[in-house]
Amino acid sequence: LRQALADGGLQLHYQPKVSLRSGRIAGAEALLRWQHPQQGFIPPNQFIPVAEETSLVLELGDWLLNEACRQIRAWQDQGLQPPPIAVNLSARQFTPQLPQQIETLLQTHGLEARQLKLEITESLVVRGPDEVVPIMNQLVAMGLDIALDDFGTGYSSLAYLKRFPIQTLKIDRSFVEGIPGDANDCAIAQAIVTMGQQLRQEIVAEGVETREQMVFLRNLGCDQLQGYLFSKPVPAEAFAAMVRTGQRLSLD
Ligand code: C2E
Ligand code: CA
Ligand code: CA
């Protein structure tokens, strides 16, 4: 992995998020891809947890933040107006130095804070809110948008959610999977949407594969959809082409 970081074996792919009001691309999530010279493609779920045990996760984090900013800049230089791009942060990246690090990156690449979003997971709360909430507040004050990923799958309590300055909630794929057939999954999705709306958060449903799921989630009041129904994660050029041609999800 260290080798891959050094010699370009890592790539970011981009998965569009579409608005459930207009069907238009409203953002994208950057997802890591590792093309190993012998073993071929290695999924992120296999190497990120390993990296998280060592300081490698910090190098990986630095690389991916820089790579996302570089790509946004490159798209702009090609005359494209890319939507905000979300990057996944692991808990260990969430240090008091993070806001300054991102500030420097934005300046280096000449970007505005609203062009970048940060996805965090509930695993952050094991560090305790007194440590992480001030960092989050600083990032939000800079103009960054924070999304809570995999919501409902971890250990966090609603008391934490109240203290987190979060603009977006992502409904985890594990709940979306059972929609509309599984009554429990439908009830959980409904509860997340209701709560998110009360807290004035934007709600993104992840892992949407079928039109039935899309219709159900749209009727619940979800704001955005991400999933194979619209597109898998794709290389940067393919994502740029979708934005350029104004590709849309048909909502009927
Ligand atoms: P995640 O953040 O929950 O990312 C969403 C995962 O769901 C992605 O898998 C995506 O390809 C997949 N997905 C999206 N739509 C669908 C769908 O309709 N059907 C199905 N079956 N799957 C769908 P991926 O890319 O394999 O990433 C897995 C996990 O690896 C991510 O979960 C995230 O936790 C982690 N990860 C990926 N890139 C990064 C990164 O740059 N940094 C960190 N810290 N973690 C990352
Ligand atoms: Ca994510
Ligand atoms: Ca997720």
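The text that follows walks through the structure, step by step, so that each part is easy to find.

Moving on, we come to the coordination of the calcium ion (ligand 3). In ideal tetrahedral geometry, four donors around a metal make angles of 109.5 degrees, whereas ideal octahedral geometry with six donors gives angles of 90 or 180 degrees. Asp149 (OD), Asp150 (OD), Glu206 (OE) and Glu206 (OE) make up the full set of protein donors to the calcium ion (ligand 3), lying at 2.1 to 2.6 Å. Each donor residue of the calcium ion (ligand 3) lies on the same chain, and together they follow the pattern D-D-x55-E. With a relative accessible area of 25%, Asp150 lands in the partly exposed category. Glu206 gets classed as buried once you look at its relative accessible area, which sits at 12%.

Turning our attention to the packing of aromatic side chains. Taken as a whole and assessed by the stated rule, the structure comprises 4 aromatic pairs. Relative to Phe47, the ring of Trp34 lies with its centre 5.3 Å away and its plane at 90 degrees, an arrangement referred to as edge-to-face. Taken together, the positions of Trp34 in strand β2 (residues 25-36) and Phe47 in helix α2 (residues 44-51) put the pair 13 residues apart, joining distant regions of the chain. This pair shows no difference in class: Trp34 is buried, exactly as Phe47 is. Feature note: the residues Tyr14, Trp75 and Phe239 constitute an aromatic cluster, connected by ring pairs. We note Lys232 situated over the ring of Tyr228; from NZ or CZ to the ring centre the distance is 4.7 Å.

Rules and cut-offs
Residues numbered from 1 in each chain as written. Chains lettered and ligands numbered in written order. Predicted model: local features only at pLDDT ≥ 70, side-chain atom pairs only at ≥ 80, totals over all residues. Heavy atoms only, no water. Donors = N, O, S within 2.8 Å, 3.2 Å for Na, K, Ca; no water. Buried < 20%, exposed > 50% of the residue type's maximum accessible area, 1.4 Å probe, protein only. Phe/Tyr/Trp six-rings, centres within 6.5 Å; stacked < 30°, edge-to-face > 60°. Helix = DSSP H or I, 4+ residues; strand = E, 2+ residues; numbered from the N terminus. Lys NZ or Arg CZ within 6 Å of the ring centre and 35° of its normal.

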